Amino acid sequence: MKRFAYTVLASITIFQWPIANALADEVSVKYPDGYRDWTHVKTMVIQEGHALYEPFGGIHHIYANTKALEGYRTGSFPDGAVITFDLLETFHSDHSITEGSRKVLGVMEKDQRRFKDTGGWGFEGFAAGDPAQRVVGENANAACFQCHTSQESHDYVFSKWRK
Ligand code: HEC
């Protein structure tokens, strides 16, 4: 009987694992593999004294995949568009500012169906750029989306495309 119970338990665990994983995939933002090969949109340095210094102090580079580029050009981002906000530490020396280690990799992934509660965008942050260290999870609305709502007329995206 005990062995039967173990077998049942083991098979439930084995069969549920992929289902649980599929559900997690359904609502979570994918780590943006290869984003450093995407198109660079812009760079900004946020220094002490700036209102966003606390969460975003340092130098960040914004990258867009092909679908996101379409959105930058048209103002409306199609499903599959992904934008990354790659935030690194800064070092000041000899009148220059250089990059340090990665603080966080912010990601916005467009999918109208999966992320319908946050303007069709999924938001996630990966601490130190590590795919295993998600810092936003279910807090996307409060932690990210609320501030991005000010850009509703540009599909919730702050940055603009420049030539
Ligand atoms: C207090 C306001 C605020 C909050 C909160 C915020 N952002 Fe942003 N975000 C900005 C601003 C401003 C920019 C534009 C920066 C620039 O122009 O270089 C931006 C840009 C971005 C971009 C590049 C696309 C764009 O909109 O320009 C991504 C990706 C991004 N943020 C992800 C996130 C994630 C993930 C979170 C939550 C962890 C978050 N943001 C929280 C203000 C915010």
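Residues numbered from 1 in each chain as written. Predicted model: local features only at pLDDT ≥ 70, side-chain atom pairs only at ≥ 80, totals over all residues. Heavy atoms only, no water.

Topic: the nonpolar core
For step 1, the next point in the chain: Judged by nonpolar contacts, the single largest core of 18 residues is most densely connected at Tyr72, Phe77, Ile83, Trp121, Phe123 and Val157.
For step 2, the next point in the chain: Mapped by element, the contributors of at least two residues to this core are strand S2 (58-64), helix H3 (66-74), strand S5 (121-127) and helix H4 (140-148).
For step 3, the next point in the chain: Leave out the neighbours within four places in its chain, and Phe77 touches Ala68, Gly71, Tyr72, Ile83, Lys110, Trp121, His154, Asp155 and Val157.
For step 4, the next point in the chain: Val29, Tyr63, Leu105 and Val107 belong to the second largest nonpolar core, which has 8 residues in total. (Core = buried A, V, L, I, M, F, W, Y, C linked by side-chain atoms within 4.5 Å. Buried < 20%, exposed > 50% of the residue type's maximum accessible area, 1.4 Å probe, protein only. Helix = DSSP H or I, 4+ residues; strand = E, 2+ residues; numbered from the N terminus. Contact = heavy atoms within 4.5 Å.)

Considerations on the sheet that holds strand S3 (residues 82-93)
For step 1, the next point in the chain: Across the sheet, which stays open at both edges, the 5 strands sit in the order S1-S2-S3-S4-S5 with antiparallel pairing between neighbours. Edge positions in the open sheet fall to strand S1 (39-46) and S5, since each of these has one partner strand only. Each strand of the sheet is rotated relative to its neighbour by a mean of 25 degrees, with strand direction disregarded.
For step 2, the next point in the chain: Looking at chain direction, strand S4 (residues 96-110) and S5 are connected through 7 bridges and run antiparallel. Across the sheet, the residue bridging to Leu105 is Phe126, located in S5. (Pairing = 2+ DSSP bridges. Axes fitted to C-alpha atoms, helices over the stretch in contact; angles between N-to-C directions.)

Notes on the side chain of Asn65
For step 1, the next point in the chain: Positionally, Asn65 belongs in the loop between S2 and H3.
For step 2, the next point in the chain: A polar atom in the side chain of Asn65 sits 2.9 Å from the backbone nitrogen of Ala68.
For step 3, the next point in the chain: What Asn65 contacts, discounting residues up to four positions off in sequence, is Trp38, Gly80, Ala81 and Val82. (Polar contact = N/O pair within 3.5 Å; in protein donor to acceptor, adjacent residues only side chain to side chain.)

Side note on the pattern of salt bridges
For step 1, the next point in the chain: Tallied over the entire structure, the rule returns 6 salt bridges.
For step 2, the next point in the chain: One salt bridge in this structure joins Arg114 and Glu109, with 3.0 Å as the shortest N-O distance.
For step 3, the next point in the chain: Given the relative accessible area of 16%, Arg114 is considered buried.
For step 4, the next point in the chain: Using a relative accessible area of 5% as the deciding quantity, one classes Glu109 as buried.
For step 5, the next point in the chain: Taking the shortest distance from any N to any O, the salt bridge between Asp155 and Lys110 comes out at 2.8 Å. With Asp155 in the segment after H4 and Lys110 in strand S4, this residue pair connects regions lying 45 residues apart in the sequence.
For step 6, the next point in the chain: The class for Asp155 is buried, based on a relative accessible area of 11%.
For step 7, the next point in the chain: Of the residues examined, Lys110 reaches a relative accessible area of 3% and is grouped as buried.
For step 8, the next point in the chain: Salt bridges here are not isolated pairs; linked through shared partners, they connect Lys30, Glu109, Asp111 and Arg114. (Salt bridge = Lys/Arg side-chain N within 4 Å of Asp/Glu carboxyl O.)

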